[in-house]
Amino acid sequence: MTDDSAAAAPPSTGFHGLLHAQRVWDTELPCFDPASAPPAPVPLFHTWFAEAVAAGQAEPHAMSLATADAEGLPDVRTLLLHDADGRGFHFATHATSVKGHQLAARPYAALGFYWPAQGRQVRIRGPVVRCTPAESHADLHARSTGALAAALTGAQSKVVGSVAELHRAADAAWDRARAEPNTEAQTWTRYVVEPAGAEFFQGDARRRHIRLRYRRQDDGGWARELLWP
């Protein structure tokens, strides 16, 4: 993930110099024996997530969500994981947002987690299922007042006229969220990525990175295989 030749190059200024002065994994990395991995990916994800939390990783529940638009062009953004269980990996957004429209047209997505505190990445790909209105309502109201206020603020992904307009709408949404904590956000929707494949990447300071891939089989089980880094 770094250019080793940069260490021998003369120092330079500006963006290029700053970029190539950066290093990754400036810490002792854990070992990962893929032979000890469980037969399915979600239990391993639970273990790695707990270890990321224990290692002090900031916002370990933050993830990249990649979708495709109507022309098949990729789009990506960062949001929060809401659960990982036997159904898959859960997140939520407004069905009327850009990603909501993209998922309606092409219900398939990829997720990416990066936990540099341990030199680990997890990648998930699979079809996306829209949850029921009851599940979506429960999802929103299991979260904070601020999350409800954010869901009630404006129309996600639409153009807003000014920062002042944004602030007025946000203040009104906070007032409503406090006064009506069980209010509905009609377009708020919970989704589940049902993993068809999952990859667990453990970085190594000597570049002997371990990549373990799970592939869903026709019988519902999982095949496990190592990949060259």
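See the structure shown above.
Cut-off values and rules
- Residues numbered from 1 in each chain as written.
- Predicted model: local features only at pLDDT ≥ 70, side-chain atom pairs only at ≥ 80, totals over all residues.
- Heavy atoms only, no water.
- 1 Å grid on protein atoms, 1.4 Å probe; cavity = no way out; pocket = protein on both sides within 12 Å on 5 of 7 lines; lining within 4 Å.
- Points joined across faces, edges and corners; volume = space filled by probe spheres on them.
- Helix = DSSP H or I, 4+ residues; strand = E, 2+ residues; numbered from the N terminus.
- Buried < 20%, exposed > 50% of the residue type's maximum accessible area, 1.4 Å probe, protein only.
- Salt bridge = Lys/Arg side-chain N within 4 Å of Asp/Glu carboxyl O.

## Side note on the layout of surface pockets
By rolling a water-sized probe across the atoms, one finds the places where empty space is left.
Phase 1 of the analysis: As a volume, the largest pocket reaches approximately 280 Å³.
Phase 2 of the analysis: Every residue lining the largest pocket is counted, 15 residues in all, and those nearest its centre are Ala92, Arg143, Ala150, Gln156 and Trp188.
Phase 3 of the analysis: Those elements that provide at least two residues to the lining of the largest pocket are strand E2 (74-80), strand E4 (89-94) and helix H5 (145-152).

## Let's talk about the environment of His16
Phase 1 of the analysis: Note on placement: His16 falls in helix H1 (residues 14-20).
Phase 2 of the analysis: A relative accessible area of 52% means that His16 is categorised as exposed.
Phase 3 of the analysis: Each C-alpha atom of the pair His16 and Thr183 lies 50 Å from the other, and the pair is 167 residues apart in sequence.

## Comments concerning the pattern of salt bridges
Phase 1 of the analysis: Applying the stated criterion to the full structure yields twelve salt bridges.
Phase 2 of the analysis: Across the pair Arg190 and Asp83 runs a salt bridge whose closest N-O atoms are separated by 4.0 Å. Taken together, the residues Arg190 in strand E7 (residues 188-193) and Asp83 in strand E3 (residues 83-84) connect sequence positions 107 residues apart.
Phase 3 of the analysis: Arg190 sits in the buried class, given a relative accessible area of 13%.
Phase 4 of the analysis: Looking at Asp83, the relative accessible area reads 32%, which means it is partly exposed.
Phase 5 of the analysis: The shortest N-O distance in the salt bridge between Arg211 and Glu199 comes to 2.7 Å.

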